[in-house]
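A structural walkthrough
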Amino acid sequence: MKILRALAVLLIIQFFCSYAHAQTNPDFSAYSYETFIHNGDTLEYRMLQPVGYDSQKPYPLIVFLHGSGERGTDNAAQLLHGGSLFLKDSLRQRFPSFVIFPQCPPDSMWASMKVTRDSTGKAIKREFSDGTDRQSTPGLLVKLLVDSLIKIEKVNSKQVYLGGLSLGGIGTYDLLARYPKMWAAAFPICGIGNVSTAAKFAKVPLWIFHGGADNVVPVSGSRDYVEALKKLKAKVKYSEYPGVGHNSWDNAFAEPELLPWLFSHKK
């Protein structure tokens, strides 16, 4: 009996260890490893195909830009936040689409930006592009990648969606300002940028997210965009989470209407 009890306890422990591992290390193997090269510059990305993919028809596309902590060369870290959302069977069946997670190289950014830091390394001032300067290489490669997928008719040009968190939220605003006609809708999370560019993408429906207690990217970064877009009578939704710090993306990904809202928009 003692041996049986010990075996039962070991099996229970093994089950919970396996469950915990699955929760912290989700299986992203459905995302293929891809590379896009233009004029010698390389963009690594992961791509999820639509359920029941038919090569004879174009599909919607979601592009999601990760934050600074997921930069690298492993072509894997960028799936940490958001990758699981698009793997949900119910959502994949309801909204068949391509999903792309590009990875920004180390020490690079999705958007042109100058950062002034104090002696501790904390950002105390950020200067953002107005969209007329030379674009960052990773940001440009994202745009050219989308162009290439539209050109070969894998992607429906009327249903191209953009999202990003933190550094990726900054990149989202930058790509919106530079190529407003490309995007059917967008969802920046805890982002910030040059609010004077809001008029350039006022016709693109936006759902903006931010934590009310964010001490990394100030919540004013989103509030200012919302105010500017409302003055322009743009289609903008805003979700601010009281008491939530920089990690507002978990709240955003948990919004049941996020993908229904996104796919309700077409150009």
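Above this note sits the structure.
Read on for an overview of the structure. (Residues numbered from 1 in each chain as written. Predicted model: local features only at pLDDT ≥ 70, side-chain atom pairs only at ≥ 80, totals over all residues. Heavy atoms only, no water.)

1. Some points on unusual backbone geometry
The phi torsion at Asn39 lies on the positive side, around 50 degrees, for a residue other than glycine. Positioned with a positive phi, Cys190 is a non-glycine residue whose angle comes to about 40 degrees.

2. Description of the pairing of strand E8 (residues 185-189)
Look at any regular strand and the pattern is simple: side chains alternate between the two faces of the sheet. What counts, and what does not: Burial classes: relative accessible area under 20% of the type maximum marks a residue as buried, over 50% as exposed, and values in between as partly exposed (1.4 Å probe, protein chains only). Labels follow the DSSP assignment, with helices taken as runs of H or I lasting at least four residues and strands as runs of E lasting at least two, numbered in each case from the N terminus. Pairing between strands is defined by DSSP: at least two bridges between the two strands are required. Orient the strands so they point away from the viewer; a crossover is then right-handed if the path from the first strand over the helix to the second runs clockwise.
A large share of E8 lies buried, amounting to 5 of its 5 residues. Sheet topology places strand E7 (residues 155-165) next to E8; 5 bridges connect them, and they run parallel. In the sheet register, Gly164 faces E8, and the bridge partner there is Pro188. Read from E7 through helix H4 (residues 167-178) to E8, the crossover connection turns out right-handed. Judged from the 2 bridges that link them, E8 and strand E9 (residues 206-211) form a sheet pairing that is parallel. Following the sheet pairing, Ala186 is matched in E9 by Leu206.

3. Structural notes on the sheet that holds strand E2 (residues 41-48)
In a beta sheet, neighbouring strands pair by backbone hydrogen bonds and run either parallel or antiparallel. Worth spelling out the cut-off: For helices, the fitted line uses only the C-alpha atoms of the stretch in contact; every axis is such a line through C-alpha atoms, and the angle between N-to-C directions lies from 0 to 180 degrees. Working rule for contacts: check all heavy atoms of both residues, and any pair within 4.5 Å makes them a contact.
Taken in spatial order, the 8 strands of this open sheet run E1-E2-E4-E3-E7-E8-E9-E10, and their pairing is mixed. A single partner strand is all that each edge strand has here, and the edge strands are strand E1 (32-38) and strand E10 (236-241). Strand after strand, the sheet turns through a mean of 20 degrees between neighbouring axes, direction not considered. Pairing between strand E3 (residues 59-65) and strand E4 (residues 98-103): 3 bridges, direction parallel. Each residue of the ladder has a partner; that of Ile62, found in E4, is Val99. Sheet strands touched by helix H3 (residues 137-151): E1, E2, E3, E4 and E7. Its angle to E2, the strand with the most contacts, is close to 55 degrees. Against the sheet, H4 engages E3, E7, E8 and E9, with an angle of about 140 degrees to E7.

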